[in-house]
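Each chain, letter by letter, is given below.
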2 protein chains.
Amino acid sequence: MTDTRTPLSPTPRSTLTRYRGRRDATDRAALDELLDAAMICHLGVLMHGAPVVLPTIYGRDGDTLYLHGSTGAGNLRAAATGDVSVTVTLVDGIVYARAAMHFSMNFRSAVIHGRPVELADPDARLHALRVIVEHAAPGAWDNVRPPTAKELAATTVLALDLTEASVKTRAGDPSDDAPDLASDTWAGVLPVRQIFGEPYSSADLTTGIAVPEHVRARFDSSVASG
Amino acid sequence: MTDTRTPLSPTPRSTLTRYRGRRDATDRAALDELLDAAMICHLGVLMHGAPVVLPTIYGRDGDTLYLHGSTGAGNLRAAATGDVSVTVTLVDGIVYARAAMHFSMNFRSAVIHGRPVELADPDARLHALRVIVEHAAPGAWDNVRPPTAKELAATTVLALDLTEASVKTRAGDPSDDAPDLASDTWAGVLPVRQIFGEPYSSADLTTGIAVPEHVRARFDSSVASG
């Protein structure tokens, strides 16, 4: 299958030169995989001359990352008019080394830089919201009440191009120095992963509505992999 | 027991006014609990006029958050000379609502703003590094080779006061609108949590060194709570 996705074009600020010894993955597949696997991003904007970083949900469709929020949210207003840094991180393990300075984390992290575009077109906005909800809750959109005109009017929807991005990964064993390898201190990795617990229904749910398969399956896959 | 910790003094930028309906927790206990529970933070700095957000490990001792990194890391240089935003987030669940616009995440998030101080005093630097390693790997420091003078010379250590901070939490059921409550769409929460997998030893570990109890216990507590 031909990969028709836009290749990443890392700029100096999206090149994490200082994670030495960690693998650079500038290919789109690694970026897409990470964005699809994670649940939240950390959105960094500039407000009153200082950086402000807040967690938020997102969605990805092709080469575009979508963000949304209240029209009153100061950080979204800032994101609609200036540069942002969107960072997505999954922690995979704690790396125990023989030397203090070699303790580390195994992780996957993507950093996307750019200037988001605020979406005005109603169809484009609705599509973006669908992508965001489906990212958080795959299979949910078709069963929920769609946004009203009033809800849409109160919502800012942003689209960020994924071109200026980089992915960093650290995996595997600690990287101790040769003279430390004879140490009698244990070295290894304590894996970390995110799992789903058993879904529970809202207290005000109408009696008799069962947990749908698209939710149940996420819990089941967690149990199976655990 | 008297709480002698400094109370939080949220400023406008550390007050997340837009997470409406979510509980504000400006007390220090909630901040400390979250910082102690999470593993990484997202450090936002200003570089070349734009925000840059990168994940990093940290440690907390009393009213101080410690960060460290290579002296060559551009984002640490920026953090040593300007304002930062340090954000720590734990995802607790995916909130399935009856209406698209009420989908949400249950989470705990802390945002700390301030201007870090670069530590120069050797004892203060060593203490900070110990706090960071012990945060990532409690119980590990006393068994590892301490930093050499050369390693220390290549490391920037920053201290950030925790006073200008806020904590936000969303927990519990979806917040659907009254007219939607009669919907036949399921509503509820899919819990999310981070667990430890079984620790494994480094491939180059000297034969016969067992996984220490302080590592094994973290995995065991994960299994017990799962």
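Residues numbered from 1 in each chain as written. Chains lettered and ligands numbered in written order. Predicted model: local features only at pLDDT ≥ 70, side-chain atom pairs only at ≥ 80, totals over all residues. Heavy atoms only, no water.

As recorded in an unreviewed UniProt entry, chain A goes by Pyridoxamine 5'-phosphate oxidase family protein and comes from Nocardia albiluteola.

(A) Structural view of the overall build of chain A. Assigned secondary structure in chain A consists of five helices and twelve strands. By residue count, 54% of the 226 residues in chain A fall in the buried class. Sequence separation of at least 24 residues holds for 72% of the intrachain contacts in chain A that already meet a minimum separation of 6. Only carbon and sulfur atoms are counted for the fraction: they give 54% of the accessible area of chain A, which is about 9,600 Å². (Helix = DSSP H or I, 4+ residues; strand = E, 2+ residues; numbered from the N terminus. Buried < 20%, exposed > 50% of the residue type's maximum accessible area, 1.4 Å probe, protein only. Contact = heavy atoms within 4.5 Å. Areas by Shrake-Rupley, 256 points an atom, 1.4 Å probe, with all protein chains shown as cover.)

(B) Broad picture of the pairing of strand E7 (residues 104–114) of chain A. Residue and element names in this part refer to chain A. For E7, the tally of buried residues reaches ten of eleven residues, placing the bulk of the element in the interior. In this structure, strand E6 (residues 84–96) lies alongside E7, joined through eleven bridges in antiparallel fashion. Among the inter-strand pairings, Val95 is bridged to a residue of E7, identified as Ser104. Pairing analysis gives six bridges linking E7 to strand E10 (residues 165–170), with the strands arranged antiparallel. Across the sheet, Phe107 pairs through a bridge with Arg170, a residue of E10. (Pairing = 2+ DSSP bridges.)

(C) How the structure looks around the packing of aromatic side chains. Residue and element names in this part refer to chain A. Counting across every chain of the model gives four aromatic pairs over all chains. On the basis of an interplanar angle of 65 degrees and a centroid distance of 5.7 Å, the ring pair of Tyr96 and Phe103 is categorised as edge-to-face. As far as the burial class goes, Tyr96 and Phe103 line up, both buried. Taken together, the ring pairs in this structure connect Tyr96, Phe103 and Trp186 into an aromatic cluster. (Phe/Tyr/Trp six-rings, centres within 6.5 Å; stacked < 30°, edge-to-face > 60°.)

(D) Molecular detail of the pattern of salt bridges. Evaluation of the coordinates by the stated rule reveals 26 salt bridges over all chains. Where Asp204 of chain B meets Arg98 of chain A, a salt bridge forms, and the shortest distance between an N and an O atom there is 2.9 Å. Taken as a pair, Asp204 of chain B in the loop between strand E12 (200–201) and helix H5 (213–225) and Arg98 of chain A in the loop between E6 and E7 lie in two separate chains rather than in one. Its salt-bridge partner being Asp83 of chain B, residue Arg115 of chain B comes within 3.3 Å of it at the nearest N-O pair. (Salt bridge = Lys/Arg side-chain N within 4 Å of Asp/Glu carboxyl O.)

(E) Local environment of the sheet that holds strand E4 (residues 59–61) of chain B. Residue and element names in this part refer to chain B. Strand order in the open sheet formed by four strands is E4-E5-E9-E8, and the pairing between neighbours is antiparallel. Edge positions in the sheet fall to E4 and strand E8 (117–118), since each has one partner strand and no second. Summarising the sheet, E8 and strand E9 (residues 155–161) pair through two bridges and their orientation is antiparallel. Within the sheet, the bridge partner assigned to Glu118 lies in E9 and is Leu158. Seen against the sheet, helix H3 (residues 122–136) touches E4, strand E5 (64–70) and E9 and runs at an angle of roughly 95 degrees to E5. (Axes fitted to C-alpha atoms, helices over the stretch in contact; angles between N-to-C directions.)

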